[in-house]
Amino acid sequence: MKISTALLVLAAGASMAGTAGAADIVGNPKAAPNKIEQCIGCHGIPEYKGTFPEVYRVPKIGGQSAKYIEAALQAYKKGDRNHPSMRGIAASLSDQDIADIAAYYSQQTPSK
């Protein structure tokens, strides 16, 4: 009984530590310019259409909310959103990179 209680306490502490760490990440838009080269190649071209895995209009991300961009990149990274190129790009980003990129694009003027 004492062992299972101790394990529960350790598990709860580890869970809370992971949550606190993720909550501590704050996006820095000034750190993003050297992290967005891959983004610009598609999302920075007006009316750009991608052709892999199928033809589609690439969305503009400037002016989107940081929370939306972070959630989208995290979903690509985890495989919850399905797009091979975005999954590969997001998988290469740290949580701090994602927060910085989201902060950067959220401060941009939406383009048409």
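Keep in mind that this is a model prediction, so the values were computed, not measured. (Residues numbered from 1 in each chain as written. Predicted model: local features only at pLDDT ≥ 70, side-chain atom pairs only at ≥ 80, totals over all residues. Heavy atoms only, no water.)

Colleague: Help me out: how do you make sense of the side chain of His43 in this one?
Modeller: Looking at the secondary structure, you find His43 in helix H2 (residues 37-43). A polar side-chain atom of His43 sits 2.6 Å from the main-chain carbonyl oxygen of Pro59. Not counting residues within four places of it along the chain, the set of residues in contact with His43 comprises Val58, Pro59, Lys60, Ile61 and Met86. (Helix = DSSP H or I, 4+ residues; strand = E, 2+ residues; numbered from the N terminus. Polar contact = N/O pair within 3.5 Å; in protein donor to acceptor, adjacent residues only side chain to side chain. Contact = heavy atoms within 4.5 Å.)

Colleague: In this structure, what is going on with the packing of aromatic side chains? I would like to understand it.
Modeller: What characterises a pair of aromatic rings is the spacing of the ring centres plus the angle enclosed by the ring planes. Tallied over the entire structure, the rule returns 1 aromatic pair. On the basis of an interplanar angle of 90° and a centroid distance of 5.1 Å, the ring pair of Tyr104 and Tyr105 is categorised as edge-to-face. (Phe/Tyr/Trp six-rings, centres within 6.5 Å; stacked < 30°, edge-to-face > 60°.)

Colleague: Is there a simple way to think about the environment of Lys35 in this case?
Modeller: Along the chain, Lys35 falls in the loop between helix H1 (2-23) and H2. Between the alpha carbons of Lys35 and Asp100 there is a distance of 8.3 Å; along the sequence they are 65 residues apart. Aside from chain neighbours lying at most four places away, what touches Lys35 is Gln96, Asp97, Asp100 and Ile101. Within polar-contact distance, the side chain of Lys35 engages the side chain of Asp97 at 3.0 Å.

Colleague: What is the right way to look at the nonpolar core in this model?
Modeller: Proteins that are soluble and globular tend to have nonpolar side chains buried together. Ile36, Cys39, Ile69, Leu73, Leu93, Ile101 and Tyr105 are the most contacted members of the largest nonpolar core, which totals 14 residues. Looking at this core, the elements that each hand over two or more residues are helix H3 (66-78), helix H4 (84-91) and helix H5 (95-106). For this core, the leading source of residues is H5, giving 4 residues. (Core = buried A, V, L, I, M, F, W, Y, C linked by side-chain atoms within 4.5 Å. Buried < 20%, exposed > 50% of the residue type's maximum accessible area, 1.4 Å probe, protein only.)

Colleague: Any chance you could explain the pattern of salt bridges here in plain terms?
Modeller: Side-chain pairing between opposite charges can occur once the charged atoms of the two side chains come close. One pass over the structure, following the stated rule, counts 3 salt bridges. Lys35 is the salt-bridge partner of Asp100, the closest N and O atoms lying 2.4 Å from each other. Of the two residues, Asp100 sits in helix H5 while Lys35 sits in the loop between H1 and H2, which places them 65 residues apart along the sequence. Between Lys77 and Asp95 there is a salt bridge, and its shortest N-O distance comes to 3.6 Å. Remark: Asp95 occurs in helix H5 and Lys77 occurs in helix H3; sequence separation between them is 18 residues. By sharing partners, the salt bridges in this structure join Lys35, Asp97 and Asp100 into a single network. (Salt bridge = Lys/Arg side-chain N within 4 Å of Asp/Glu carboxyl O.)

Colleague: Help me out: how do you make sense of the confidence of the model for the chain in this one?
Modeller: Interpretation of the predicted coordinates at a detailed level should be avoided for regions scoring low in pLDDT. Looking at the chain as a whole, the pLDDT averages 84, with 79% of positions reaching at least 70. Across the chain, H5 holds the top mean pLDDT of 98, while H1 sits lowest at 46. (pLDDT = per-residue confidence, 0-100.)

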